Each structure stands twice: as structure tokens, then as C-alpha cells.
Protein chains: 2
Amino acid sequence: MQVSAEDVRTSAVRAKRAAAALAPLSRAAKDAALLGMADALLARADELLAANAEDVAAAQAAGTAAAMVDRLTLTEARLAGMADGLRQVAGLEDPVGEVLRGRVLPNGMELRQVRVPLGVVGIIYEARPNVTVDAAGLCLKSGNAALLRGSASAVRSNTALVGVLRDAAEAAGLPADAVQLVPGVDHESVKHLMRLRGLVDVLIPRGGAGLIRAVVEESTVPVIETGVGNCHVYVDATADLDMAVAIAINSKTQRVSVCNSAETLLVHADVADEFLPRVLAALTEAGVTVHGDDAVRAVAPGALAATEDDWAAEYLSLDLAVRVVPSLDAAVEHIRAYSSGHTEAIVTRSLAASRRFIATCDSAAIMVNASTRFTDGERFGMGAEIGISTQKLHARGPMGLPELTSTTWVGIGDGHVV
Amino acid sequence: MQVSAEDVRTSAVRAKRAAAALAPLSRAAKDAALLGMADALLARADELLAANAEDVAAAQAAGTAAAMVDRLTLTEARLAGMADGLRQVAGLEDPVGEVLRGRVLPNGMELRQVRVPLGVVGIIYEARPNVTVDAAGLCLKSGNAALLRGSASAVRSNTALVGVLRDAAEAAGLPADAVQLVPGVDHESVKHLMRLRGLVDVLIPRGGAGLIRAVVEESTVPVIETGVGNCHVYVDATADLDMAVAIAINSKTQRVSVCNSAETLLVHADVADEFLPRVLAALTEAGVTVHGDDAVRAVAPGALAATEDDWAAEYLSLDLAVRVVPSLDAAVEHIRAYSSGHTEAIVTRSLAASRRFIATCDSAAIMVNASTRFTDGERFGMGAEIGISTQKLHARGPMGLPELTSTTWVGIGDGHVV
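Residues numbered from 1 in each chain as written. Chains lettered and ligands numbered in written order. Predicted model: local features only at pLDDT ≥ 70, side-chain atom pairs only at ≥ 80, totals over all residues. Heavy atoms only, no water.

In the annotation of an unreviewed UniProt entry, the entry for chain A reads Gamma-glutamyl phosphate reductase, and the organism field reads Pseudofrankia asymbiotica. The UniProt entry for chain A carries the following comment under Function (unreviewed entry): "Catalyzes the NADPH-dependent reduction of L-glutamate 5-phosphate into L-glutamate 5-semialdehyde and phosphate. The product spontaneously undergoes cyclization to form 1-pyrroline-5-carboxylate." According to UniProt, the comment filed for chain A under the heading Subcellular location (unreviewed entry) is "Cytoplasm". (UniProt positions renumbered as here; feature names shortened; annotations may be inferred.)

Asker: I'd like to hear about the overall build of chain A, residue by residue, with values.
Answerer: In terms of regular secondary structure, chain A is built from 15 helices and 16 strands. Expressed along its principal axes, the backbone C-alpha trace of chain A runs to roughly 70 × 65 × 35 Å. Restricting the contact set of chain A to residue pairs at least 6 apart, pairs at least 24 apart contribute 72%. When the accessible surface of chain A is summed, it comes to about 15300 Å², and 52% of that surface belongs to carbon and sulfur atoms. Computing the positive centroid from 37 side-chain charges and the negative centroid from 50, chain A places the two 5 Å apart. (Helix = DSSP H or I, 4+ residues; strand = E, 2+ residues; numbered from the N terminus. Contact = heavy atoms within 4.5 Å. Areas by Shrake-Rupley, 256 points an atom, 1.4 Å probe, with all protein chains shown as cover. Lys, Arg positive; Asp, Glu negative; His and termini not counted. Charge placed at Lys NZ, Arg CZ, Asp CG, Glu CD.)

Asker: I'd like a description of the sheet that holds strand β7 (residues 231-235) of chain A, backed by residues and values.
Answerer: Ordered in space as β10(A)-β9(A)-β11(A)-β8(A)-β7(A)-β12(A)-β13(A)-β16(B)-β2(B)-β1(B), the 10 strands form an open sheet in which the pairing is mixed. Strand pairing shows two members of the sheet lacking a second neighbour, β10 (304-305) of chain A together with β1 (99-104) of chain B, which therefore form its edges. Here β7 of chain A runs beside strand β12 (residues 343-347) of chain A; their pairing, made up of 4 bridges, is parallel. Its bridge partner lying in β12 of chain A, His232 of chain A is registered against Glu344 of chain A. Docked against the sheet, helix α11 (residues 269-285) of chain A engages β7, β8 (262-268), β9 (289-292) and β11 (319-325) of chain A, running at close to 145° with respect to β8 of chain A. (Pairing = 2+ DSSP bridges. Axes fitted to C-alpha atoms, helices over the stretch in contact; angles between N-to-C directions.)

Asker: Tell me about the domain arrangement of chain A, and name the residues and values.
Answerer: Residue and element names in this part refer to chain A. The assigned domain composition of chain A is domain 1 (5-226 + 395-412) and domain 2 (231-378). Placing the centre of domain 1 and that of domain 2 at their C-alpha centroids yields a distance of 35 Å. At the junction of domain 1 with domain 2, the criterion picks out 1 salt bridge. A salt bridge links Asp362 to Arg396, with the nearest nitrogen and oxygen atoms 3.2 Å apart. Inspection of the domain 1/domain 2 interface yields 1 residue pair in polar contact (both at pLDDT 80 or more). In terms of residue class, the side of domain 1 that touches domain 2 is made up of 1 nonpolar, 2 polar and 2 charged. (Domains from an automatic or database assignment. Salt bridge = Lys/Arg side-chain N within 4 Å of Asp/Glu carboxyl O. Polar contact = N/O pair within 3.5 Å; in protein donor to acceptor, adjacent residues only side chain to side chain. Nonpolar A, V, L, I, M, F, W, Y, C, P; charged D, E, K, R; others polar.)

Asker: I'd like a description of the pattern of salt bridges, backed by residues and values.
Answerer: Charged atoms that come close allow side chains of opposite charge to pair. Tallying each qualifying case throughout the model produces 50 salt bridges over all chains. What emerges from the salt-bridge pattern is a single network uniting Asp201 of chain A together with Asp362, Lys392 and Arg396 of chain B.

Asker: Give me the interface of chain A and chain B: which residues, what numbers.
Answerer: In this complex, chain A contributes 68 residues to the contact, which on the side of chain B involves 68 residues. Contact between chain A and chain B buries roughly 5600 Å² in total, counting both sides, with carbon and sulfur atoms accounting for 57%. The partner of Lys392 of chain B in a salt bridge is Asp201 of chain A, and the shortest N-O contact between them spans 3.1 Å. For the pair chain A and chain B, the interface holds 39 residue pairs in polar contact (both at pLDDT 80 or more). Considering every element that reaches the side of chain A that touches chain B, the biggest residue donor is strand β16 (residues 405-416) of chain A, with 11 residues. Class assignment of the residues belonging to the side of chain A that touches chain B gives a composition of 33 nonpolar, 20 polar and 15 charged. As paired strands, β16 of chain A and strand β13 (residues 365-370) of chain B are joined by 5 bridges and run parallel to one another. (Buried area = accessible area lost by both parts, 1.4 Å probe.)

Asker: Quick rundown of unusual backbone geometry? Include the residues and the values.
Answerer: A positive phi angle, close to 55°, is found at Leu316 of chain A, a residue other than glycine. With respect to the secondary-structure elements, Leu316 of chain A resides in the loop between α13 (308-312) and β11. Owing to a relative accessible area of 34%, Leu316 of chain A belongs among the partly exposed residues under this scheme. With phi around 55°, Asn369 of chain B is a residue other than glycine that occupies positive phi space. Tracing the sequence through the fold places Asn369 of chain B in strand β13. (Buried < 20%, exposed > 50% of the residue type's maximum accessible area, 1.4 Å probe, protein only.)

Asker: Run through the relation of the copies chain A and chain B, naming residues and quoting values.
Answerer: Mapping chain A onto chain B calls for a screw motion: a turn of 180° about the axis and a shift of 0.0 Å along it, with 0.0 Å RMSD after fitting. Such a turn and shift between the copies fits a two-fold axis. When C-alpha distances to the rotation axis are compared across chain A, the minimum falls at His394 of chain A, with a value of 1.8 Å. Interface overlap between copies: 100% of the residues of chain A at the interface are likewise at the interface in chain B, consistent with a symmetric, same-surface contact. (Least-squares fit on C-alpha atoms with pLDDT ≥ 70 in both.)

Asker: Residues and numbers for the side chain of Ser389 of chain B, please.
Answerer: All names here are of chain B. Along the chain, the position of Ser389 falls in strand β14 (residues 387-389). Judged by relative accessible area, which is 0%, Ser389 ranks as buried. One polar contact links the side chain of Ser389 to the main-chain amide nitrogen of Gln391, over a distance of 3.2 Å. Here Ser389 is in contact with Ile224, Glu225, Thr226, Ala364, Ala395, Arg396, Gly397 and Met399, once residues within four sequence places are set aside.

Okay, structure coming up:
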């Protein structure tokens, strides 16, 4: 059954009303609801696992790949992990109410800038049901109403999870509409959601590049782009080459399916002769397929010839593009041309080179003598993250609770007029 | 002659290249260019005034209203004002490089979040040529390349101004493309500009609600909405009524054509009998036309009947919608329903009422016992502003230099891998 624009709009109107009730809540009230949600996930595990089993059976019947089915599957242990996640969010500082700037103006008025919730946060995501709980928890803690749009393959699981979360919210005295599943599982429901500017304050697509591009193209609601990572490791002329091998291998192979893994290795020509054989041997040993330029293929005749597509690719696999560059500035030029703006790493002993790389790259995170894999909310000490923004507006890099807020200016006078 | 998509794209590519050169510049280099630009505006006043005279003559020949012609007109004094504005921007702190957060992670890596330029900032504006210089100055100081799209009526003035600014940039050793006028004066050139996601980092429309709505609807480039102000003054049950009259009159009449002037007055029912006759007399004396609900018209039979359109209107004229509400919460509900999210004022003696109003309104600025007219970058002590954002993402309220930046995470290790 196709969902109507009016159905989606109605859920957004309800979310906006819930957001008005959530905005003034104390941290204590929000934490109590989060802990209640965590308990409810465990208490009602049977019905959650039963709903999930239907999704899993349908996916298997449809011939879905085993890895996808695994991602979809809930277990007691995974539910416990989701409950733990909610408890961890309860333990984080409340971003709402934080005073960012403040002063007394020359005319005696008090002025301060404070964090406030964004309002209604729409999240469009694929596959894993745990995103449903993570996103709901982060939105609630930051005082936002969550409008969740999961994938069709997980709709029974997500419906059951959201039902449990809504009951727990109400039991804690919060509006159930703090968390809603957007009605409908077809693309139409996403289309309707993307047109609700004024009701929905931000849309965060989490998923593949195709989903994100579609949302960016069609949405009138402001969008935060997340997660596409064409990350680079640049080995400078002055690099410690043992360190460079370790960082290249770690950035590429430690986990290939994630956005902060490296997809291109750039090597300064001055160290290419010494470094390339070593890194190519290590890459081969790790099972990596190399797509190289002519200089690389001269050393490694077995490497595939890199094309324009390779420089731009987010492989998310054991593939790596490798190029020799004449200078640091040429490396940066390559990165500015092809990067998705996620994370770039430089391996160097030179302070001047590190400063130049930091100042001229244009990405969310720059790592000096460290793996690209460090760009992550948990590793940055933020606690849970809702995604990694690769755009420049509002939030850039891992998005934790403060990134789910806006600000308001508060001016207090005693009859001040202009 | 209609401009092609390729022409507009070419200017954006040049802007992006200039942005890469601007990003690592020191404050000293940028300030020197700003001061050179200020000097050049005065040194080349004759050619600027001559170009402007052609715009003014064309506007007059087209029968343009005198107030519009006045806004378009440049004089020696106005050029001096623009030069002063550039000097003031040179005097402001450089936002680029500011460290917003930083720590050493448990693994020994240094991590810090630093302000960086946005990159290429597109500004679409109407009428006044002074915006050309103000916007160019703010963009340059924040390390951004400016792509300026002024109105057709000011094209000769803007072309001449941008020519002078570009020459001064080059004379100071900066790329001339730090400042460009988008080619073309028809709507097509704006359309092309709005599709350059990836080349243009943000679009800031400055102008009427129609322009802003069109940009928001059509742009794939992220947009910051500015300037539409349906601002409210709410007179609480405990208000000092003399103060309330003064704030209502100031908010409405001190300057009617600006976005931070008030358009609706909400009055708590408990004080309506005493307050309404006094404020209506003062409004009438100030030449204000009142659009009231039934309770208001019972006191002021001459008032027009307010409609839904009146509650939503940004009059920008000596008109004011007036409504009696049964409670503070009802006032907030009205504001949440009709406000453009710019500025709301409450007049009250009650601390609890002020706290509730601040916590439940959902606007860029809240004034307690002060005029809505205070929401302004200069009055907030920010120096010049590029506009007042009424959206929640990235920047909210007056946008100064920090609001024209993004951030980058910098991680420094010594061979750290995951």
C-alpha cells in the first residue's frame, strides 16, 4: 500500500508537537526515559526477536546475501548491546542549555548564546535495526523528536523496536511521538519526507552514496551528508617508511567496509623507489588488489592500471589506488580533486610539511602520522555518533550530541529600546 | 545575452582555485588586502561614481520608485562608508585557525578542532551596491572566495566595484578571483549557480521572501536562509505596562523596513483591558494601522479585522497585527505557528515567565524586556554581519565572521594505528 503525502505530513506535525514538549525537559527527565527504554528492550526481547525473525525469514526467502542477513539479525546479545548504548547516551552531558558565548553589552543588556534542540530530526537509513535505537537515543538526549525511516527489509523489526521505545517514553512521562517510524516503506514516503521543509528541521541520510546523492538532490529540508569516504594516505619525502607501511596497511585493511578506511595511497617521488616495493609486498600479503599509475606498475607489473574512476572510487573492499606524486602540493591537489572530504593522512617527519598539509587539504579530518581509521566519534571521545558529516555546513566530521543542536540568542534587558 | 551554465561553472571553478590559495593566508596578509581595497575605493571614486550614474539613469528612465533609486545611488560619502566598513573588518579577529576544542586522547594522540574557511561562498542579493563591498570584505577576512550575484539594476556599479576590489586583491598578492561577480544578470545565471554543489560551498540569499523561497526550493548547494522577520512582542500578565508600550512602539515603528521590526503584538488577557487602550492610542499616534482580533476591535472599533494572513505577514510597513491570548503558553503556541523564527520579545516582571518563554519559543533570538530591534550583528558586538540566519542549521541569528567558517579535526600521532 502506497503511503500518502498527508500520512507522512501528519507524522511530521506530531513530531513537531512532540519537539515542543521535549525542548524544555531537564537532563534528568531525558535520562530516565533513556534508561527506561534500555530496560524495555530487554524486558520485551521475545516480541522483538519474533518480529525480527519474520524480517530475517523474508530476507532469506528473497535470496538476500548471507552478510546482509547477518546485519539484519537481532539476538539477545545484540539487544543487550543496544540497551547498553542507550545507557551510555544517558551518561553523556546534556548539550541543551550549554552557554556558548555571553557578555553584558555596553548598554547593560545581558546577551548569551545557548544550545537548543534542532527540533525534528529525520534519519533515513538502510539495513541494521540497531540504528533505530541509536538514533532515537541520541535524538532524545539532545531534545529532538526523531522521525526514523528504515529500510523495507527491516520494517517489522523497526516497527517493534519503535513500539517499545514509544511505550517507554510514555511510561517516563514523555510524548510517545518523541520517536516515530515514518509511515510507508516505498520510495514515495522518503520523497514526501524530503519536502517537509518547515516541519522537519534536518534530514540525515545514512547509507550508500546513491541514497545520499538522491536525498541531496531532491530534498528541500536541509540535509547533512554523512559517510562517503574516499580517504587518502600521503607518504611524504621525509616519512619514516616503516611507520608509513604500518599506517597504509592499517588504513586500508583493518576494516575495509567502513567510511574511514583508505582508498588511495599517494607516494612522494623521492621515496617511491624505496617505499613502493615494501608497501606493495605488504599490501599483496594482506590480499589487497593495487590499481597503480605507470610509476607504480613499473615496480609492480601485476598491478592493474588506475583510471580516473579509481582515483574517485570509494572501494569499500580490498582494493587500493596508488599514485606517485612529485610534491606535497601535488598530493594535496590530487586530494582536493578526488577526495570526498572525509579524512586524509600524511606520514612525515617534517613539521613544515605537516602544517602545509593541514592548512591546504579541505577535509573533515586530517591525521598526521596516524591511521585514517581514527576518525570516529567513539575514538574522538565524543561517545556515540549519529554519523560522520562530510559537508562543511553545521557539522563536519563525527556528529555527537552537540552537533544535533542549534543555538538561540537570549537578550535580557530592563526596558531597553533602540 | 543569456549566460551559459558553462560560464557560471567556470567562474565557480576559478573561485574554488582562489579559495585554496586563500585558506592558508595569515591574518596580516588578509588585512593588508582589505586596507588596500578600502584605499582603492576612494582613489578610484570617479570611475565608480560614473558607472553608478549609468545605473541610476537607467533606473530613473525605467520609472523606478524614488526610494529604490536612492538605495542604488552611490555618493562620495557612501563610498567612504564602504571603505570604513572594510577597515572595520580588517580590525576584527581572524576566525580561521581558532581552536574550538582540543585534548590528548588516552592513546597519546593530540586531537583538536579548528576553524577553517567554508571555501566558496555565493551571495545573491538585491538593490544596494554596498552589499557587494561588505560581502566581499567579510568573505575575504574569513578566507573564503566570494561569488557575488547582485541585481540587474546595479550591474554597472557592481562590475566597477568588483573590478576595483580585484585589482586591490592582486596588488596585495592575493588571487583576483578571491572576489568575482557571477556572469549574467538574468534568472538563468542564478539557476546555474544553485546547481553547483561541490564547487560552491554555501549560498546566502539576501533579499525578499520570494527570492529566498526560490533559492531554497531550487538549490542543491546548501543554503543559509536570512532575513525574513515576522517578529512578535508578547505582553505578559505581569508586565510593566509603561515598559510594554515603549517596547511595542520601538519594535514596530523605530524602523519599519527591517527584518527585526515587530509585526504582531500579543497581549495577555489579564492586562488587556488596561493595556490595550494605552498601546492602541500610542500606535495610532505613531501612524500605525492595527489589524486586531475581536477582543482588540471591541476596544478599538476602528481597527481592521485580522485574518490568518495578518498573523503570518511580514508587513515591513506601519501595520501591526494585535491579538489577545489567554496565557503565556497560548502566546508561544501562536508564535510557534506563525513566526518566521527571527526574534520574539516578552515583557514581564516574572522570572518564571521569562524562563518558560525562552525555553519554549523556537526562534533565533529571544528578547526579555527589550526591543526586537536589538537582534543585529553590530548591536551584539560582532562587528559587521552578512545577514541574519533564520534557520537552525550551521548559524542562527546574526552571522559574523565565525559563521562564515567550517571546522576541521586535526589528529597528530607518532605512528598510531587502530
